[in-house]
Amino acid sequence: MRSEDTLFSGGPLDGRVLPVLVGPTGRPPKSYEVPVPSPDGGPGVVHVYRLEPAAVTRRLRLPRGWRYVHDPDGRPAGGLKWPWSRPDSGSAAGG
């Protein structure tokens, strides 16, 4: 797979340029998660970055390059994404 050097802004990776794997279309993933372990051995913190265009072309407004921006309220991906795929809790199944 290909990788592209991508700028990170905000959070613990502010100002760093890291290689990020890109998909078949040449676009990096929509979110990037950085796990940071706790120094006392407790549960760590996961910092979430969201993808934004770094610049756009003047005429067609197409994205020119990408950057990740720190999302302090972002939640790490994982678990179930769709409400209908969540198991019922406390309700009787039946129809």
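This structure is a prediction, so every number in the text was calculated from the model and none was measured. (Residues numbered from 1 in each chain as written. Predicted model: local features only at pLDDT ≥ 70, side-chain atom pairs only at ≥ 80, totals over all residues. Heavy atoms only, no water.)

(A) How the structure looks around the pattern of salt bridges. Applying the stated rule across the entire model yields 2 salt bridges. One salt bridge in this structure joins Asp 71 and Arg 50, with 3.2 Å as the shortest N-O distance. In this pair, Asp 71 sits in strand S5 (residues 66-71) while Arg 50 sits in strand S4 (residues 45-53), placing the two residues 21 residues apart along the sequence. Overall, the relative accessible area of 24% leaves Asp 71 in the partly exposed class. (Salt bridge = Lys/Arg side-chain N within 4 Å of Asp/Glu carboxyl O. Helix = DSSP H or I, 4+ residues; strand = E, 2+ residues; numbered from the N terminus. Buried < 20%, exposed > 50% of the residue type's maximum accessible area, 1.4 Å probe, protein only.)

(B) Here's a closer look at the sheet that holds S5. Ordered by their spatial adjacency, 5 strands build an open sheet running S2-S1-S5-S4-S3, and the pairing between neighbours is mixed. Edge positions in the sheet fall to strand S2 (17-21) and strand S3 (31-36), since each has one partner strand and no second. Geometrically, the sheet is characterised by an average inter-axis angle of 40° between neighbouring strands, direction not taken into account. Relative to S5, S4 runs antiparallel, the two sharing 6 bridges. For Tyr 49, the partnering residue across the bridge sits in S5 and is His 70. (Pairing = 2+ DSSP bridges. Axes fitted to C-alpha atoms, helices over the stretch in contact; angles between N-to-C directions.)

(C) Representation of the nonpolar core. Membership of the largest hydrophobic core is limited to 8 residues, which are Phe 8, Leu 13, Val 20, Val 34, Tyr 49, Leu 51, Trp 66 and Tyr 68. In contact with Phe 8, other than residues within four places in its own chain, are Leu 13, Asp 14, Gly 15, Arg 16, Leu 18, Val 20, Tyr 32, Tyr 49 and Tyr 68. (Core = buried A, V, L, I, M, F, W, Y, C linked by side-chain atoms within 4.5 Å. Contact = heavy atoms within 4.5 Å.)

(D) Just the packing of aromatic side chains, in detail. Here the structure, examined in full by the defined rule, presents 4 aromatic pairs. Measuring from centroid to centroid gives 5.2 Å for Phe 8 and Tyr 68, while their planes differ by 20°, and the two rings are stacked. Taken together, the positions of Phe 8 in strand S1 (residues 3-9) and Tyr 68 in strand S5 put the pair 60 residues apart, joining distant regions of the chain. Residue Phe 8 shares its accessibility class with Tyr 68, and that shared class is buried. When the ring of Tyr 32 is compared with that of Tyr 68, the centres are 5.5 Å apart and the planes differ by 45°; the resulting orientation is tilted. Taken as a pair, Tyr 32 in strand S3 and Tyr 68 in strand S5 lie far apart in primary sequence, 36 residues in all. Aromatic ring contacts, followed pair by pair, group Phe 8, Tyr 32, Tyr 49 and Tyr 68 into a single cluster. (Phe/Tyr/Trp six-rings, centres within 6.5 Å; stacked < 30°, edge-to-face > 60°.)

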